Amino acid sequence: MLLCRFDADRLGLVEGDRVRDVTPALGILPAHTYPLPRFDPLIANLDAVMRCIRDLLPGAPSVPLADVSLLSPVANPGKIIAAPVNYLKHLDEARNDAQIHHRNQVGEIQRVGVFLKATSSLVGQDEGVAVKHADRRNDHEAEVVVVIGKRGRDIPAARAGEYIAGYCVGLDMTTRGPEERSLRKSIDSYTVLGPWLATPDEVGDPGNLGFWLTVNGQPRQRANTRDLVLGIPQLIELASSFYTLHPGDLLFTGTPEGVGPVEPGDVIEVEVERVGRMVVSVRSAAGEPA
Ligand code: MN
(Lines give C-alpha, C1' and ligand atoms only; values in the text may rest on other atoms or scores of the structure.)
Protein backbone atom coordinates (compact mmCIF):
# COMPACT_ATOMS: atom_id res chain seq x y z
CA MET A 1 0.00 0.00 0.00
CA LEU A 2 0.95 3.60 -0.61
CA LEU A 3 -0.56 5.58 2.27
CA CYS A 4 -0.68 9.36 2.23
CA ARG A 5 -1.86 12.17 4.45
CA PHE A 6 -3.37 15.07 2.53
CA ASP A 7 -5.28 18.35 2.72
CA ALA A 8 -6.80 18.89 6.22
CA ASP A 9 -5.40 15.74 7.89
CA ARG A 10 -7.14 13.30 5.55
CA LEU A 11 -5.88 9.75 5.01
CA GLY A 12 -5.49 8.45 1.49
CA LEU A 13 -4.52 5.36 -0.46
CA VAL A 14 -2.58 6.21 -3.61
CA GLU A 15 -3.58 4.26 -6.73
CA GLY A 16 -1.75 5.47 -9.84
CA ASP A 17 -2.61 9.14 -10.36
CA ARG A 18 -5.58 9.06 -7.95
CA VAL A 19 -6.05 9.11 -4.20
CA ARG A 20 -8.81 7.12 -2.51
CA ASP A 21 -10.05 9.00 0.57
CA VAL A 22 -10.06 6.48 3.45
CA THR A 23 -10.10 9.01 6.30
CA PRO A 24 -12.77 7.09 8.29
CA ALA A 25 -10.09 4.42 8.98
CA LEU A 26 -8.53 6.90 11.44
CA GLY A 27 -11.63 6.32 13.58
CA ILE A 28 -10.20 3.03 14.87
CA LEU A 29 -7.22 4.79 16.50
CA PRO A 30 -7.42 4.86 20.31
CA ALA A 31 -8.24 8.26 21.78
CA HIS A 32 -5.20 9.55 23.66
CA THR A 33 -5.34 12.00 26.52
CA TYR A 34 -2.60 14.01 28.18
CA PRO A 35 0.21 13.08 28.48
CA LEU A 36 0.34 12.15 24.79
CA PRO A 37 2.33 9.09 23.71
CA ARG A 38 5.87 9.47 22.41
CA PHE A 39 5.13 7.42 19.33
CA ASP A 40 2.94 7.85 16.28
CA PRO A 41 -0.51 6.30 16.89
CA LEU A 42 -1.23 5.73 13.18
CA ILE A 43 1.98 3.76 12.64
CA ALA A 44 1.52 1.90 15.95
CA ASN A 45 -1.86 0.66 14.70
CA LEU A 46 -0.97 0.33 11.03
CA ASP A 47 -2.12 -3.28 10.58
CA ALA A 48 -5.58 -2.51 11.96
CA VAL A 49 -5.78 0.70 9.91
CA MET A 50 -4.89 -1.22 6.74
CA ARG A 51 -7.58 -3.83 7.44
CA CYS A 52 -10.08 -1.00 7.87
CA ILE A 53 -8.89 0.63 4.62
CA ARG A 54 -9.54 -2.63 2.72
CA ASP A 55 -13.09 -2.67 4.09
CA LEU A 56 -13.66 0.98 3.14
CA LEU A 57 -12.19 0.79 -0.37
CA PRO A 58 -15.29 -0.29 -2.32
CA GLY A 59 -17.06 2.93 -1.30
CA ALA A 60 -14.09 5.27 -0.91
CA PRO A 61 -14.27 8.47 -2.97
CA SER A 62 -11.42 9.07 -5.41
CA VAL A 63 -9.71 12.39 -6.17
CA PRO A 64 -6.88 13.21 -8.60
CA LEU A 65 -3.48 13.08 -6.88
CA ALA A 66 -2.60 16.34 -8.64
CA ASP A 67 -5.44 18.13 -6.81
CA VAL A 68 -4.40 17.26 -3.25
CA SER A 69 -1.83 18.82 -0.96
CA LEU A 70 0.44 16.15 0.52
CA LEU A 71 1.43 16.32 4.20
CA SER A 72 4.16 14.37 5.98
CA PRO A 73 3.00 10.73 5.85
CA VAL A 74 3.99 10.38 9.53
CA ALA A 75 2.40 13.13 11.61
CA ASN A 76 3.91 12.56 15.05
CA PRO A 77 7.26 10.78 15.00
CA GLY A 78 8.80 10.55 18.46
CA LYS A 79 12.23 11.14 17.01
CA ILE A 80 13.98 11.71 13.71
CA ILE A 81 17.24 9.79 13.54
CA ALA A 82 19.70 10.53 10.76
CA ALA A 83 22.91 9.00 9.48
CA PRO A 84 25.64 11.55 8.81
CA VAL A 85 28.13 10.53 6.13
CA ASN A 86 26.97 7.08 4.98
CA TYR A 87 28.19 6.94 1.36
CA LEU A 88 31.95 6.83 0.79
CA LYS A 89 31.90 9.21 -2.19
CA HIS A 90 30.01 11.78 -0.09
CA LEU A 91 32.64 11.35 2.65
CA ASP A 92 35.34 12.28 0.11
CA GLU A 93 33.23 15.18 -1.16
CA ALA A 94 32.62 16.52 2.36
CA ARG A 95 36.27 16.24 3.37
CA ASN A 96 37.51 17.96 0.21
CA ASP A 97 35.10 20.93 0.23
CA ALA A 98 35.59 23.55 2.96
CA GLN A 99 32.14 24.94 2.10
CA ILE A 100 30.72 21.63 3.32
CA HIS A 101 32.91 20.68 6.27
CA HIS A 102 33.60 24.15 7.78
CA ARG A 103 36.50 22.66 9.74
CA ASN A 104 34.09 20.24 11.41
CA GLN A 105 35.60 16.81 11.64
CA VAL A 106 33.93 14.60 9.04
CA GLY A 107 34.28 11.05 10.34
CA GLU A 108 33.16 7.61 9.26
CA ILE A 109 29.71 6.69 10.51
CA GLN A 110 31.11 3.68 12.38
CA ARG A 111 32.97 6.17 14.57
CA VAL A 112 30.56 9.15 14.77
CA GLY A 113 27.25 7.22 14.91
CA VAL A 114 23.89 8.85 14.17
CA PHE A 115 22.32 12.16 15.20
CA LEU A 116 18.82 13.59 15.80
CA LYS A 117 16.81 16.24 13.96
CA ALA A 118 14.04 18.16 15.74
CA THR A 119 10.53 16.85 15.02
CA SER A 120 9.41 20.49 14.63
CA SER A 121 11.40 20.63 11.38
CA LEU A 122 9.17 18.02 9.69
CA VAL A 123 6.96 18.91 6.69
CA GLY A 124 5.33 17.15 3.74
CA GLN A 125 6.13 17.81 0.10
CA ASP A 126 3.45 20.44 -0.48
CA GLU A 127 4.44 22.49 2.56
CA GLY A 128 7.80 23.13 0.88
CA VAL A 129 11.13 24.33 2.24
CA ALA A 130 11.51 27.84 3.65
CA VAL A 131 15.16 28.94 3.51
CA LYS A 132 16.01 30.65 6.79
CA HIS A 133 19.60 31.92 6.62
CA ALA A 134 19.64 32.91 2.97
CA ASP A 135 23.14 34.41 3.25
CA ARG A 136 24.53 30.94 4.00
CA ARG A 137 24.72 27.80 1.92
CA ASN A 138 21.54 25.70 2.25
CA ASP A 139 21.96 22.26 0.70
CA HIS A 140 19.66 19.50 -0.45
CA GLU A 141 20.39 15.98 0.79
CA ALA A 142 18.31 13.25 -0.90
CA GLU A 143 17.81 10.26 1.39
CA VAL A 144 15.89 7.02 1.65
CA VAL A 145 13.89 7.06 4.90
CA VAL A 146 12.81 4.09 6.98
CA VAL A 147 9.70 4.35 9.16
CA ILE A 148 9.99 2.20 12.28
CA GLY A 149 6.91 0.00 12.82
CA LYS A 150 7.25 -1.36 16.34
CA ARG A 151 8.99 -0.79 19.63
CA GLY A 152 12.40 -2.36 20.06
CA ARG A 153 15.87 -1.95 21.45
CA ASP A 154 19.11 -3.82 20.88
CA ILE A 155 17.66 -5.08 17.60
CA PRO A 156 20.11 -7.37 15.76
CA ALA A 157 20.61 -6.48 12.09
CA ALA A 158 19.29 -9.90 11.08
CA ARG A 159 15.88 -9.08 12.63
CA ALA A 160 15.71 -5.41 11.59
CA GLY A 161 13.15 -6.09 8.86
CA GLU A 162 10.53 -7.00 11.48
CA TYR A 163 10.72 -3.44 12.80
CA ILE A 164 10.12 -1.64 9.49
CA ALA A 165 6.63 -0.21 8.75
CA GLY A 166 7.64 1.19 5.38
CA TYR A 167 9.73 3.63 3.41
CA CYS A 168 9.53 7.25 2.32
CA VAL A 169 11.49 9.71 0.25
CA GLY A 170 13.32 12.27 2.38
CA LEU A 171 15.14 15.56 2.14
CA ASP A 172 17.58 16.31 4.96
CA MET A 173 17.95 20.03 4.28
CA THR A 174 21.11 21.47 5.77
CA THR A 175 22.53 24.90 6.44
CA ARG A 176 26.31 24.59 6.10
CA GLY A 177 28.39 26.09 8.87
CA PRO A 178 30.41 25.35 11.97
CA GLU A 179 27.50 24.58 14.32
CA GLU A 180 26.29 21.18 15.50
CA ARG A 181 24.37 19.17 12.90
CA SER A 182 21.27 19.07 15.13
CA LEU A 183 21.05 22.88 14.96
CA ARG A 184 21.79 23.33 11.25
CA LYS A 185 19.45 20.51 10.17
CA SER A 186 16.49 21.28 12.45
CA ILE A 187 15.32 24.59 11.00
CA ASP A 188 11.53 24.64 10.41
CA SER A 189 10.76 22.78 7.14
CA TYR A 190 14.31 21.36 6.84
CA THR A 191 13.04 17.78 7.13
CA VAL A 192 10.81 16.89 4.18
CA LEU A 193 9.09 13.50 4.19
CA GLY A 194 6.95 12.22 1.38
CA PRO A 195 5.25 11.77 -0.84
CA TRP A 196 3.61 8.83 1.02
CA LEU A 197 4.46 5.75 3.07
CA ALA A 198 5.28 2.73 0.89
CA THR A 199 4.77 -0.51 2.80
CA PRO A 200 7.54 -3.16 2.61
CA ASP A 201 5.59 -5.35 0.13
CA GLU A 202 5.72 -2.45 -2.37
CA VAL A 203 9.46 -1.96 -1.99
CA GLY A 204 11.06 -5.39 -1.76
CA ASP A 205 14.80 -5.31 -1.06
CA PRO A 206 15.67 -1.95 0.57
CA GLY A 207 19.32 -2.76 0.00
CA ASN A 208 18.93 -2.16 -3.73
CA LEU A 209 16.96 1.06 -4.21
CA GLY A 210 18.03 3.52 -6.87
CA PHE A 211 17.31 7.18 -6.19
CA TRP A 212 18.01 10.56 -7.74
CA LEU A 213 17.53 14.28 -7.17
CA THR A 214 17.28 17.22 -9.54
CA VAL A 215 17.09 20.99 -8.93
CA ASN A 216 15.07 22.86 -11.58
CA GLY A 217 15.44 19.77 -13.77
CA GLN A 218 19.25 19.66 -13.48
CA PRO A 219 20.64 16.34 -12.18
CA ARG A 220 22.49 16.70 -8.85
CA GLN A 221 22.43 13.35 -7.02
CA ARG A 222 22.08 9.76 -8.22
CA ALA A 223 22.84 6.70 -6.11
CA ASN A 224 21.68 3.31 -4.87
CA THR A 225 21.26 2.06 -1.31
CA ARG A 226 23.57 -0.86 -2.15
CA ASP A 227 26.40 1.71 -1.76
CA LEU A 228 25.46 2.60 1.83
CA VAL A 229 28.40 2.21 4.22
CA LEU A 230 26.02 0.99 6.95
CA GLY A 231 22.98 -0.60 5.35
CA ILE A 232 19.47 -0.24 6.74
CA PRO A 233 19.67 -3.34 9.02
CA GLN A 234 23.01 -2.17 10.44
CA LEU A 235 21.65 1.36 11.01
CA ILE A 236 18.69 -0.06 12.95
CA GLU A 237 21.07 -2.20 15.01
CA LEU A 238 23.29 0.81 15.74
CA ALA A 239 20.46 3.24 16.58
CA SER A 240 18.58 0.72 18.75
CA SER A 241 21.74 -0.03 20.74
CA PHE A 242 21.45 3.58 22.02
CA TYR A 243 17.75 4.49 21.81
CA THR A 244 14.57 2.44 22.13
CA LEU A 245 12.89 2.71 18.76
CA HIS A 246 9.16 3.43 18.70
CA PRO A 247 6.47 3.16 16.02
CA GLY A 248 6.72 6.17 13.75
CA ASP A 249 10.35 6.98 14.50
CA LEU A 250 12.04 8.05 11.28
CA LEU A 251 15.48 6.93 10.16
CA PHE A 252 17.13 9.07 7.47
CA THR A 253 19.76 6.74 6.02
CA GLY A 254 22.25 9.29 4.68
CA THR A 255 22.90 11.18 1.48
CA PRO A 256 25.22 10.31 -1.41
CA GLU A 257 27.61 12.61 -3.26
CA GLY A 258 26.28 15.58 -5.23
CA VAL A 259 24.91 17.72 -2.40
CA GLY A 260 24.56 21.34 -3.40
CA PRO A 261 22.86 24.64 -2.61
CA VAL A 262 19.27 25.66 -3.29
CA GLU A 263 17.69 29.11 -3.27
CA PRO A 264 14.17 30.52 -3.01
CA GLY A 265 12.36 29.86 -6.29
CA ASP A 266 14.07 26.50 -6.89
CA VAL A 267 12.13 23.27 -7.33
CA ILE A 268 13.66 20.06 -5.99
CA GLU A 269 12.52 16.72 -7.37
CA VAL A 270 13.57 13.53 -5.65
CA GLU A 271 12.57 9.99 -6.52
CA VAL A 272 13.25 6.67 -4.85
CA GLU A 273 12.62 3.61 -6.98
CA ARG A 274 9.50 1.63 -5.93
CA VAL A 275 8.74 4.24 -3.23
CA GLY A 276 7.72 7.41 -5.05
CA ARG A 277 8.67 10.80 -6.39
CA MET A 278 8.21 14.10 -4.59
CA VAL A 279 8.39 17.65 -5.86
CA VAL A 280 9.32 20.30 -3.31
CA SER A 281 9.32 24.07 -3.78
CA VAL A 282 11.86 26.28 -2.07
CA ARG A 283 10.90 29.73 -0.78
CA SER A 284 12.31 32.32 1.62
CA ALA A 285 11.31 32.22 5.28
CA ALA A 286 11.80 35.99 5.45
CA GLY A 287 8.56 37.84 6.06
CA GLU A 288 6.55 34.74 6.96
CA PRO A 289 4.40 35.04 10.07
CA ALA A 290 6.08 33.82 13.26
MN1 MN B 1 21.81 13.80 5.67
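What you see is a predicted model, and the numbers here were worked out from it, not measured in a lab. (Residues numbered from 1 in each chain as written. Predicted model: local features only at pLDDT ≥ 70, side-chain atom pairs only at ≥ 80, totals over all residues. Heavy atoms only, no water.)

Draft legend 1. Region of the structure containing the sheet that holds strand β10 (residues 138-140). The strand order β13-β10-β18 describes an open sheet built from three strands, whose pairing is antiparallel. Only two strands of the sheet have a single partner each, and these edge strands are β13 (174-175) and β18 (260-261). Relative to β18, β10 runs antiparallel, the two being bridged by two bridges. By the bridge assignment, Asp139 is partnered in β18 with Pro261. (Pairing = 2+ DSSP bridges. Helix = DSSP H or I, 4+ residues; strand = E, 2+ residues; numbered from the N terminus.)

Draft legend 2. Spotlight on the pattern of salt bridges. What the rule picks out here adds up to 17 salt bridges. Across the pair Glu15 and Arg20 runs a salt bridge whose closest N-O atoms are separated by 3.2 Å. By relative accessible area, which is 36% here, Glu15 ends up partly exposed. The salt bridge partner of Asp97 is Arg137, with a shortest N-O separation of 3.6 Å. Here the residue Asp97 occupies a position in the loop between α3 (88-96) and α4 (98-101), and Arg137 occupies one in the loop between β9 (129-131) and β10, the gap between them amounting to 40 residues. (Salt bridge = Lys/Arg side-chain N within 4 Å of Asp/Glu carboxyl O. Buried < 20%, exposed > 50% of the residue type's maximum accessible area, 1.4 Å probe, protein only.)

Draft legend 3. Spatial organisation of the side chain of Ser240. On the secondary structure map, Ser240 appears in helix α8 (residues 232-240). Exposure remark for Ser240: the relative accessible area of 2% places this residue in the buried category. One polar contact links the side chain of Ser240 to the main-chain carbonyl oxygen of Ile236, over a distance of 2.8 Å. (Polar contact = N/O pair within 3.5 Å; in protein donor to acceptor, adjacent residues only side chain to side chain.)

Draft legend 4. Examining α8 more closely. Ile232, Leu235, Ile236, Ala239 and Ser240 are the residues of α8 that are buried. The buried residues of α8 occupy an angular sector of 120° when the element is viewed end-on, so they sit on one face. Summarising the contacts, the buried residues of α8 are in contact with β6 (80-82), α5 (109-112), β11 (142-148), β12 (164-172) and β17 (250-252). (Arc of directions from axis to C-beta. Contact = heavy atoms within 4.5 Å.)

Draft legend 5. Spotlight on the coordination of the manganese ion. Glu141 (OE), Glu143 (OE) and Asp172 (OD) make up the full set of protein donors to the manganese ion, lying at 2.0 to 2.1 Å. Asp172 sits in the buried class, given a relative accessible area of 0%. (Donors = N, O, S within 2.8 Å, 3.2 Å for Na, K, Ca; no water.)

Draft legend 6. The arrangement of the state of the cysteines in detail. One pass over the structure, following the stated rule, counts zero disulfides. Cys168 supplies the cysteine sulfur nearest to Cys4, a cysteine that is in no disulfide, at a spacing of 11 Å. (Disulfide = S-S within 2.5 Å.)

Draft legend 7. The arrangement of the sheet that holds strand β20 (residues 276-284) in detail. With mixed pairing, five strands are arranged side by side in an open sheet as β9-β20-β19-β15-β16. The sheet is open, and its two edges are formed by β9 and β16 (218-224), each paired on a single side. Averaged over all adjacent pairs, the angle separating strand axes in this sheet is 20°, with direction ignored. Across six bridges, the pairing between strand β19 (residues 267-272) and β20 is antiparallel. Residue pairing for β20: Val267 is matched across the bridge by Ser281. (Axes fitted to C-alpha atoms, helices over the stretch in contact; angles between N-to-C directions.)

Draft legend 8. Seen up close, α3. Listed in full, the buried residues belonging to α3 are His90, Leu91 and Ala94. For α3, the angular spread of buried residues about the axis comes to 105°, placing them on one side. With respect to the buried face of α3, the exposed residues turned more than 90 degrees away are Leu88, Lys89 and Asn96. Where the residues of α3 are buried, they touch α4.

Draft legend 9. Structural context of the packing of aromatic side chains. Throughout the structure, instances matching the rule amount to one aromatic pair. Here the basic side chain of Lys150 rests over the ring of Tyr163, its NZ or CZ set 4.8 Å away from the ring centre. The lysine or arginine in question, Arg181, covers the ring of Phe115, its NZ or CZ lying 5.7 Å from the ring centre. (Phe/Tyr/Trp six-rings, centres within 6.5 Å; stacked < 30°, edge-to-face > 60°. Lys NZ or Arg CZ within 6 Å of the ring centre and 35° of its normal.)

Draft legend 10. Representation of the pairing of β16 in the model. Looking at chain direction, strand β15 (residues 210-215) and β16 are connected through six bridges and run antiparallel. What sits directly across from Phe211, in β16, is Ala223. The antiparallel pairing of β15 with β16 creates a hairpin that spans two residues between the two strands, and Asn216 there sits at a positive phi of about 50°.

Draft legend 11. The arrangement of unusual backbone geometry in detail. Cis geometry marks the peptide bond from Tyr34 to Pro35; its omega dihedral reads -5°. Topologically, Pro35 is positioned in the loop between β3 (18-21) and α1 (41-44). In this chain, Gly194 is followed by Pro195 through a cis amide linkage whose omega measures -20°. Tracing the chain through its elements places Pro195 in strand β14 (residues 191-198). For Asp7, which is not glycine, the phi torsion reads 50° and is therefore positive. Summarising the element assignment, Asp7 is placed in the loop between β1 (2-6) and β2 (10-15).

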